[in-house]
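The primary structure of each chain is shown beneath.
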Amino acid sequence: MKGKEKITWLVIYDYHTAQRAEEAGIEMILVGDSVGMSIYGYSGTVPVTMDQVVGHAEAVRRGASKTFIIGDMPFGTYQLTVEEAVANAIRFYKEAGVDAIKLEGGVKVAKYIRAIVDAGMSVIGHIGLTPQSSGQLGGFKAQGQTAESAMKVIEDALAVEPAGAFALLVEAVPPEVTAIIAKKLNIPVLSIGAGPYCDGQLLLDIDLLGRGTVFSPKFVKNFVPQAIASLIEETSTDLLNLAKITRRAFVGYVREVKNGTFPDPEKHCYKMLEGELKKLESELAKKDTKEFLAKCHPGL
Ligand code: KIV
């Protein structure tokens, strides 16, 4: 679909919501380790275990048998040894029947991506704001707003493709930086809070449905009001049915991602700081490509 049609992707943790997503034509589902915050009420993703995400992925697979499902590797399940990373990825495949797995990081995790791909599985990278290392990033904060930070995000992006990943997710990064990344890579680049200039979008189901009350990031859009408005217009009795409202909200998300109206760069995106894009462009122009690429995938 790269270059032809925008890809729609949702984070979902349960059977019924997965059914609604498949009915709405969502192309990919991520069973995210955000389950820790969204479902279990933890303050972050760090405590989430393999048992928890594999259990949710099994349920999602039962609800959406035809959809491309991605399992999210929790913190501590891929950082110790490549053997452990491969073994945990295999659990997702064998026990939950996922189609791919996702892990966070770029340059530092390239060797784990390579090992999992060499074992016959598909991997999507995740860079920018990586929630599992939010402590090192100073919290759940947008990345790439200065030239220096954007260069780090770009180096991470360039590490993921040669390691064998089939796609890359960029989180909470200004759209200009994502656009540079999408131009440099051959694999699809998807965004959550990283702007419209790439190959597809990801949102959490609970954000799209307005169910999260604790914190709502800038890039979130609640699609329930428009779903309800359209049902009122049709004087539909579906208005009394949460399953149908959910499906209608997902259909609205699919429509807006496909026609490019979501995300809106003014409403849903982070900005680079004044003068930093120019600095970044001149830094990039100065780079010797070979040396730059070697730095991005050491040892591969
Ligand atoms: O776990 C998750 O939901 C994620 C998204 C925030 C990208 O990793």
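Right, let's walk through the structure included here.

What counts as what
- Residues numbered from 1 in each chain as written.
- Predicted model: local features only at pLDDT ≥ 70, side-chain atom pairs only at ≥ 80, totals over all residues.
- Heavy atoms only, no water.
- Near = heavy atom within 4 Å.
- Polar contact = N/O pair within 3.5 Å; in protein donor to acceptor, adjacent residues only side chain to side chain.
- Areas by Shrake-Rupley, 256 points an atom, 1.4 Å probe, with all protein chains shown as cover.
- Helix = DSSP H or I, 4+ residues; strand = E, 2+ residues; numbered from the N terminus.
- Nonpolar A, V, L, I, M, F, W, Y, C, P; charged D, E, K, R; others polar.
- Axes fitted to C-alpha atoms, helices over the stretch in contact; angles between N-to-C directions.
- Parallel < 35°, antiparallel > 145°, perpendicular 65-115°, else oblique.
- Left-handed = near helix turned anticlockwise from the far one by under 90°.
- Contact = heavy atoms within 4.5 Å.
- Disulfide = S-S within 2.5 Å.
- Salt bridge = Lys/Arg side-chain N within 4 Å of Asp/Glu carboxyl O.
- Buried < 20%, exposed > 50% of the residue type's maximum accessible area, 1.4 Å probe, protein only.

1. A look at the site of the ligand
In the neighbourhood of the ligand, the contacting residues comprise Val11, Leu30, Gly32, Asp33, Ser34, Asp72, Lys102, His126, Leu169, Glu171, Leu202 and Leu204. At a separation of 2.9 Å, an oxygen atom of the ligand approaches a polar side-chain atom of Asp33. Relative to its unbound accessible surface of 260 Å², the ligand loses 95% to contact with the protein. Sorting the residues of the shell around the ligand by element identifies strand S6 (167-171) and strand S8 (200-204) as the ones contributing at least two each. Considering only residue class, the shell around the ligand consists of five nonpolar, three polar and four charged.

2. Re the packing of helix H7 (residues 175-184) against helix H11 (residues 276-286)
Between two packed helices, both the angle of their axes relative to each other and the distance between the axes serve to describe the pair. In the contact formed by H7 and H11, the axes pass within 11 Å of each other and the chain directions differ by 25°. By the angle between their directions, the pair H7 and H11 is classed as roughly parallel. Handedness of the crossing formed by H7 with H11: right-handed. Taking contact as the criterion, the partners of Glu176, Val177, Ile180 and Lys184 in H7 are, on H11, Leu277, Leu280 and Leu284.

3. Quick look at the state of the cysteines
Disulfides are covalent bonds that connect the sulfur atoms of two cysteines. In the structure shown here, the tally under the stated rule is zero disulfides. Here Cys198 is not disulfide-linked; the sulfur of Cys269 is the nearest cysteine sulfur, at 9.4 Å.

4. Concerning the pattern of salt bridges
Applying the stated criterion across every chain yields a total of 18 salt bridges. Across the pair Asp118 and Arg114 runs a salt bridge whose closest N-O atoms are separated by 3.2 Å. Separated by four residues within a single helix, Asp118 and Arg114 lie in helix H5 (residues 110-118), roughly one turn from each other. For Arg114, a relative accessible area of 27% puts it in the partly exposed group. Salt-bridge contacts for Glu283 lead to Lys286; the nearest nitrogen and oxygen are separated by 3.0 Å. On the criterion of helical spacing, the pair formed by Glu283 and Lys286 is a turn pair, its members being three residues apart in helix H11. Residue class for Lys286 comes out exposed when judged on its relative accessible area of 62%.

5. Looking at the side chain of Gln132
Structurally, the position occupied by Gln132 is in the loop between strand S5 (123-128) and helix H6 (147-160). By relative accessible area, which is 8% here, Gln132 ends up buried. Only 2.7 Å separates the side chain of Gln132 from the side chain of Asp33, close enough to count as a polar contact. In this structure the side chain of Gln132 is engaged in a polar contact, spanning 2.8 Å, whose partner is the side chain of Tyr78. Here Gln132 is in contact with Asp33, Thr45, Val46, Met73, Pro74, Phe75, Tyr78, Gln79 and Glu104, once residues within four sequence places are set aside.

6. Digging into unusual backbone geometry
Cis geometry is adopted by the peptide bond preceding Pro263, which originates at Phe262 and carries an omega value of 0°. Considering the arrangement of structural elements, one finds Pro263 in the loop between helix H10 (242-258) and H11. The phi dihedral of Ala172 is positive, around 50°, even though this residue is not glycine.

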